[in-house]
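Working through the structure, step by step
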Amino acid sequence: MRALRWASVLGLFASGGAWAGGHFDVDDAGTLAPGRCQYEAWLSRSPGDASAADNNLHLGPACRVGPVELGFNIDRFALRGERAALLLGPQLKWTFLGDDPQARWSAALSVTLGVDAVHGGRAGGQFVLPVTWALSQRLQVHANLGADWGTGDGERTVRKGLALEWALGDALSLIAERNRASGLWASRLGARINLTPTTSVDLGFMRLGPERLRTLTLGLNQEFSRH
C-alpha cells in the first residue's frame, strides 16, 4: 500500500497537472502575452502521513515565443525514507481560440514531458485541452480534458477536471477545483494573493484519492518582460 500510494501521488504531480496555472491541477486556457516571461515555484507537503510524498519542490520558468508559451519544469519529489525523484522536462502551450484577456471563451492545447533523472530516466507526460469560460470579469470556469502517461509503468489514464475562479478584487482570487488524474480524484480549495500586478502568492489545500490524503501547498508566481 505504501508503494502504491507513493506511485499515485508521484504520478499525479509528475504527469504535468501540477505544472499549470500555478500549483492548481486544473489549467486555464490563457498564455503569457508576447514578450513576457514568468516563473512559478511551490512547495507541497503532506503533514502527518508517513506514507505520503513530502518536500515536493517545483520550479517552472516559461516565456512566450511567437504564438506559443514554452516552459521547462524541474520537480523534486521525496518520500520519507526513500530516494527522491527528480523530474525534468519541457512544456508547450498554445491558445488557439480567444488569445485575448477580454475573450469570453478561450481554448488551448498543452503538452508536457517529464523524465525521471534519478530512477532510470523513465519518461512520462501529459496532453490536455484547457477551456475557459469567462462568465464575467470576476468569475471564470475552467475545464480540462486530456491524458497522462505515468513515469513509472507508462500507464495511460484519462485526465479531466473542472474549476471555478472568483476574483474578489484585484488583490485576491478564490479557486475551487475537482480533478481526476492518474486514476485518482482530487479536490482542492485555494487562494491567489496578488502582491503586485506581476507577483502573486498561492495557498492551497487538497484531498486526494479514497484515503483522502491531505496536501498543503505554498506557491510564488512572478511575471516579467523578456527585454
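The structure reproduced in this document is the subject of the present report.

Let's shift gears to the overall build of the chain. In terms of helices and strands, the chain carries one helix and twelve strands. For the chain, the N- to C-terminal ordering of α and β elements is α-β-β-β-β-β-β-β-β-β-β-β-β. Expressed as a percentage of its 227 residues, the buried residues of the chain come to 47%. Entry remark: accessible area of the chain is about 10,800 Å², with carbon and sulfur atoms responsible for 64%.

A few words on the packing of aromatic side chains. A full pass over the atoms with the stated rule returns two aromatic pairs. With 5.6 Å between their ring centres and 50° between their planes, Trp 94 and Phe 96 make a pair best called tilted.

Bringing the state of the cysteines into the picture now. Joining two cysteines, a disulfide is a covalent bond between their sulfur atoms. Applying the stated rule across the entire model yields one disulfide. Note that Cys 37 is cross-linked by a disulfide to Cys 63, the S-S spacing being 1.9 Å. Across the disulfide from Cys 37 to Cys 63, rotation about the S-S bond amounts to roughly 105°, and the bridge is consequently right-handed. Of the two residues, Cys 37 is situated in strand S1 (residues 36–45) and Cys 63 in strand S2 (residues 53–65); the sequence distance between them amounts to 26 residues.

We now examine the pattern of salt bridges. Two side chains with opposite charge may pair up if their charged atoms get near one another. Within this structure, the stated rule accounts for nine salt bridges. Across the salt bridge formed by Asp 28 and Lys 93, the nearest N and O atoms sit 3.4 Å from each other. Of this pair, Asp 28 sits in the loop between helix H1 (2–14) and S1 while Lys 93 sits in strand S4 (residues 85–97), and the two are 65 residues apart along the sequence. The network of salt bridges with shared partners includes Asp 25, Glu 177 and Arg 188.

On to a nonpolar patch on the surface. Among the surface-exposed residues, Val 65, Leu 70, Leu 92, Trp 94, Phe 96, Leu 97, Trp 105, Trp 133 and Leu 135 lie close enough to one another that they form a single nonpolar patch of about 800 Å² accessible area. Mapped onto the elements, Trp 94 comes out in strand S4. A relative accessible area of 37% places Trp 94 in the partly exposed class.

Tracing the backbone shows Arg 159 in strand S8 (residues 156–167). Residue classification places Arg 159 among the buried residues on the basis of a relative accessible area of 1%. Engagement of the side chain of Arg 159 in a polar contact is seen with the side chain of Asp 148, the distance being 2.9 Å.

A few words on unusual backbone geometry. Residues other than glycine seldom take positive phi values, yet Arg 212 does so here, at roughly 55°. For Arg 212, the position within the fold is in the loop between strand S11 (199–208) and strand S12 (213–225).

On to the environment of Val 111. Note on placement: Val 111 falls in strand S5 (residues 105–116). With 19 residues separating them in the primary sequence, Val 111 and Leu 92 have C-alpha atoms 5.3 Å apart. In contact with Val 111, other than residues within four places in its own chain, are Pro 90, Gln 91, Leu 92, Gln 126 and Phe 127.

Definitions and limits used
Every chain is numbered on its own, with residues counted from 1 as its sequence reads. With the structure being a predicted model, the display of local features is reserved for residues of pLDDT at least 70 and the display and counting of side-chain atom pairs for 80 or more, all residues being used for whole-chain, interface and lining totals. For side-chain calculations, the full set of non-hydrogen atoms in the structure is used, while hydrogens and water are omitted. Only DSSP runs of H or I reaching four residues or more are called helices, and only runs of E reaching two or more are called strands; each is numbered from the N terminus. The buried label applies to any residue whose accessible area, calculated with a 1.4 Å probe on protein chains only, is under 20% of its type's maximum; exposed applies above 50%, and partly exposed to all values in between. Where accessible areas are quoted, they stem from the Shrake-Rupley method and a 1.4 Å probe; at the residue level, only the protein chains shown are allowed to cover. A pair of aromatic rings is counted whenever rings of Phe, Tyr or Trp (Trp by its six-membered ring) have centres within 6.5 Å, and the orientation is called stacked for planes under 30 degrees apart, edge-to-face for over 60 and tilted otherwise. Cysteine sulfur atoms are paired as a disulfide whenever they come within 2.5 Å of each other. Salt bridge, as used here, is a side-chain nitrogen of Lys or Arg placed within 4 Å of a carboxyl oxygen of Asp or Glu. Each patch is assembled from residues with relative accessible area greater than 30% and no salt bridge, linking like charges that lie within 9 Å and nonpolar side chains (Val, Leu, Ile, Met, Phe, Trp, Tyr) that lie within 5 Å. Here a polar contact means two N or O atoms within 3.5 Å. Within protein one must be a hydrogen donor candidate and the other an acceptor candidate, and residues neighboring in sequence count only if both atoms are side-chain atoms. Two residues qualify as a contact provided that any one of their heavy atoms is within 4.5 Å of a heavy atom in the partner residue.

Note that every value here comes from positions in space, so none of it alone points to a role or purpose.
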